[in-house]
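Residues per chain, in single letters:
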Amino acid sequence: MISTFTELLTAAIEQDEPQRLLFLFAKTESEDPENSDQHGTLSPVMCVDKLPEDIESFTTLTAEADSISTDWDFLITVGLAGKGGMPPTEEEAEPFLNKMANDLTTGQSMSQYLVFDRSENQVLIEVC
């Protein structure tokens, strides 16, 4: 089971077919900022897809994201397998990135995705 970002990169590189990693950056929106017991929602901020070998580390990926927008709290990710020894193209990844954002927005199960907070801790998202 993958529990760290480094393990994610290693697993993606070691797959039989080349992978493209899909990343969705999301922010929390509290329904009641005065009540910390109140659950909030997550909203998509931005997304990107990358080949695993193009990612040096969690730190470099999140620094790149922060150069675009710091308004995110969680990194949601999943791998997309290629075919015939070729990784998926950016165009092939786009519908899957849209699905990730849609799943988050519509409250679908997020169990197929790995989620990390800004400190690189893995997080479990429960749909209420």
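Sequence positions are assigned chain by chain, starting from 1 and proceeding in written order. Whole-chain, interface and lining totals are the exception, using all residues; otherwise, since this is a predicted model, local features are given only for residues with pLDDT of at least 70 and side-chain atom pairs are given and counted only at 80 or more. In computing side-chain properties, one takes all heavy atoms of the structure into account and sets aside hydrogens as well as water.

**Digging into the sheet that holds strand β3 (residues 74-81)**
Here's step 1: Reading across from one edge, β2-β1-β3-β4 is the order of the 4 strands in this open sheet, with antiparallel pairing throughout. Looking at strand neighbours, the two that pair on one side only are β2 (41-50) and β4 (114-117), the edges of this open sheet. Strand-to-strand twist of the sheet, defined as the mean angle between neighbouring strand axes without regard to direction, takes the value 25°.
Here's step 2: For two strands to be treated as a pair, DSSP must find no fewer than two bridges joining them. Helix and strand assignments follow DSSP, with helices taken as H or I runs no shorter than four residues and strands as E runs no shorter than two, numbered in order from the N terminus. Here 9 bridges tie strand β1 (residues 19-29) to β2, and the two strands are oriented antiparallel to one another. Residue F23 lies in a different strand from β2, and its bridge partner there is V48.
Here's step 3: Should any heavy atoms of two residues lie within 4.5 Å, those residues are counted as being in contact. A fitted line through C-alpha atoms represents every axis, and for helices the fit uses only the stretch in contact; the resulting angles, taken between N-to-C directions, go from 0 to 180 degrees. Sitting on the sheet, helix α3 (residues 90-105) touches β1, β2 and β3, and the angle it makes with β1 is about 30°.

**Considerations on unusual backbone geometry**
Here's step 1: Here the phi dihedral of E120 falls at roughly 70°; this positive angle occurs in a residue that is not glycine.
Here's step 2: Looking at the element boundaries, E120 is found in the segment after β4.
Here's step 3: For E120, a relative accessible area of 28% gives the class partly exposed. Burial here depends on accessible area, computed with a 1.4 Å probe over protein chains only, as a share of the maximum for the residue type. Under 20% is buried, over 50% is exposed, and the range in between is partly exposed.

**Describing the packing of aromatic side chains**
Here's step 1: Note on aromatic contacts: the rings of Phe and Tyr and the six-membered ring of Trp form a pair at centre separations within 6.5 Å, being stacked when their planes are under 30 degrees apart, edge-to-face when over 60 apart, and tilted otherwise. Taken as a whole, this structure holds 5 aromatic pairs when the rule is applied.
Here's step 2: Relative to W72, the ring of F25 lies with its centre 4.9 Å away and its plane at 75°, an arrangement referred to as edge-to-face. Of the two residues, F25 is situated in strand β1 and W72 in the loop between α2 (58-66) and β3; the sequence distance between them amounts to 47 residues. Grouping residues by exposure puts F25 and W72 together as buried.
Here's step 3: Only Lys NZ and Arg CZ are tested; either one counts as a charge over a ring when it is within 6 Å of the ring centre and within 35 degrees of the ring normal. Its guanidinium or amino end placed over the ring of W72, R118 lies 3.9 Å from that ring's centre, counting from NZ or CZ.

By themselves these figures say nothing about function.
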